[in-house]
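Breakdown of the fold
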Amino acid sequence: MTLFKEEESDLQKLFKAQRLALYWLLGFIYLAFIGLQLGRVQAITNFNYSLHEILYLPFNLAIFIVPVLFLIYLYYVIKYLRKRGKQKINNKTRGMVILVIASIITIFSITEHQFHEVSTGGVFEVEQKVYIEGKYFLVFNNQQIEVSMNEFKLVEVNKEYVVSYIWNSRSPNKGRLEAIELMK
């Protein structure tokens, strides 16, 4: 009888260790993602640049800590599953696994996509103005940059402007305008 209690106690300890490693892993991933997204907010940069830089700290730490935490979590999962043996997984556990995997895939996909963003600035001549399905675009430097209706109406074709815009290297023909000023 004590052998059974010891095995059950060991199983509970492994389950708690596995769960704790998972919480730390998810905590670092979510904290890094939130910090990365807040660091991209221009209003925070304008308010306090040091705060803007500090927001990237969790992401920088997560680059090194998350792989280690993942390996620790994997170790405890494997050890727990070996000790427990084959049992049917309940719906709550299945739901949690799906939620965790879906959120991690979403976070990594968004972050990976954002890493391909490029900021470009300079003096450009507006080649064309385009209106497509309720959206306004200016074309310069062979790129279609989305703008507001006001910017669209104020900008003139074949004039030079000092422009700053963000675009993604995966879709180089589209971008988002950050600033535009008539060249004097």
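Cut-offs used in this document
For every chain, the first residue of the written sequence is number 1, and numbering continues from 1 along that sequence. The predicted nature of this model means local features are confined to residues of pLDDT at least 70 and side-chain atom pairs, given and counted, to a pLDDT of 80 or more, with totals for whole chains, interfaces and linings taken over all residues. Side-chain numbers come from the whole structure's heavy atoms, not from hydrogens or water. By nonpolar core is meant a set of buried Ala, Val, Leu, Ile, Met, Phe, Trp, Tyr and Cys residues that side-chain atoms within 4.5 Å join together. Only protein chains enter the calculation, and the probe is 1.4 Å; a residue is then buried if its accessible area is under 20% of its type maximum, exposed if over 50%, and partly exposed in between. What counts as a helix is a DSSP run of H or I of at least four residues, what counts as a strand is a run of E of at least two, and both are numbered from the N terminus. The criterion used for residue contact is that any of the two residues' heavy atoms lie within 4.5 Å. Detection works on a 1 Å grid of protein atoms alone, calling trapped sets that fit a 1.4 Å probe cavities and calling open sets with protein on both sides within 12 Å along at least five of seven lines pockets, with lining residues defined by an atom within 4 Å of a point. Grid points are joined across faces, edges and corners, and a volume is the space filled by probe spheres set on the points. Gly is put with the polar residues, along with every residue not named as nonpolar or charged; the nonpolar set is Ala, Val, Leu, Ile, Met, Phe, Trp, Tyr, Cys and Pro, and the charged set is Asp, Glu, Lys and Arg. The pairing criterion for strands is at least two bridges between them, as found by DSSP. Any two rings among Phe, Tyr and Trp, with Trp reduced to its six-membered ring, count as a pair given centres within 6.5 Å; such a pair is stacked if its planes are under 30 degrees apart, edge-to-face if over 60, and tilted if neither. Consider the ring centre and the ring normal. A charge sits over the ring if Lys NZ or Arg CZ is within 6 Å of that centre and within 35 degrees of that normal.

As a further point, take the nonpolar core. The biggest cluster of nonpolar side chains holds 18 residues, and the ones touching the most others in it are I29 and V66. Among the secondary structure elements, those contributing two or more residues to this core are helix 1 (2-39), helix 4 (57-84) and helix 5 (91-114). Sort the elements by how many residues they give to this core and helix 1 lands first, with nine residues. Once you skip the residues sitting within four places of it in the chain, I29 turns out to touch V66, I104 and I107. Core analysis: the second largest hydrophobic core is formed by 14 residues, V126, F152, V155 and Y161 among them.

Attention now goes to the environment of T45. Mapped onto the fold, T45 is located in helix 2 (residues 42-47). Residues contacting T45, with those up to four places away along its chain left out, are G39 and H52.

This part takes up the layout of surface pockets. Within this model, the largest pocket holds a volume of roughly 940 Å³. Forming the walls of the largest pocket are 27 residues, and the residues nearest its centre are F15, Q18, Y73, T93 and V97. Among the secondary structure elements, those contributing two or more residues to the lining of the largest pocket are helix 1, helix 4 and helix 5. For the lining of the largest pocket, the element with the highest residue contribution is helix 5, accounting for nine residues. Of the residues contributing to the lining of the largest pocket, the split by class is 18 nonpolar, four polar and five charged. The volume enclosed by the second largest pocket comes to roughly 280 Å³. Lining the second largest pocket we find 13 residues, and of these R40, Y56, E117, I166 and R176 sit closest to its centre. Only helix 5, strand 1 (117-125) and strand 6 (171-182) provide two or more residues apiece to the lining of the second largest pocket.

Two elements, strand 4 (residues 143-147) and strand 6, share three bridges in a ladder whose sense is parallel. Bridging from a neighbouring strand, Q144 pairs with K174 of strand 6. In this sheet, strand 6 lies alongside strand 5 (residues 160-168) in antiparallel orientation, the contact comprising eight bridges. Counted as the bridge partner of I166 is R176 from strand 6. What sits between strand 5 and strand 6 in their antiparallel hairpin is a turn of two residues.

This part covers the packing of aromatic side chains. This model, assessed by the stated rule, comprises nine aromatic pairs. Both rings, one in F15 and one in Y80, keep their centres 5.6 Å apart while their planes meet at 50°; by these two values the pair is tilted. Here F15, found in helix 1, pairs with Y80, found in helix 4; they are 65 residues apart in sequence, far enough to count as distant. For F15, a relative accessible area of 30% translates into the label partly exposed. When the ring of Y75 is compared with that of Y76, the centres are 5.3 Å apart and the planes differ by 65°; the resulting orientation is edge-to-face. Take Y76: its relative accessible area is 25%, and that puts it in the partly exposed class. For the cation-ring pair, K129 lies above F152, with the distance from its terminal atom to the ring centre recorded as 5.0 Å.

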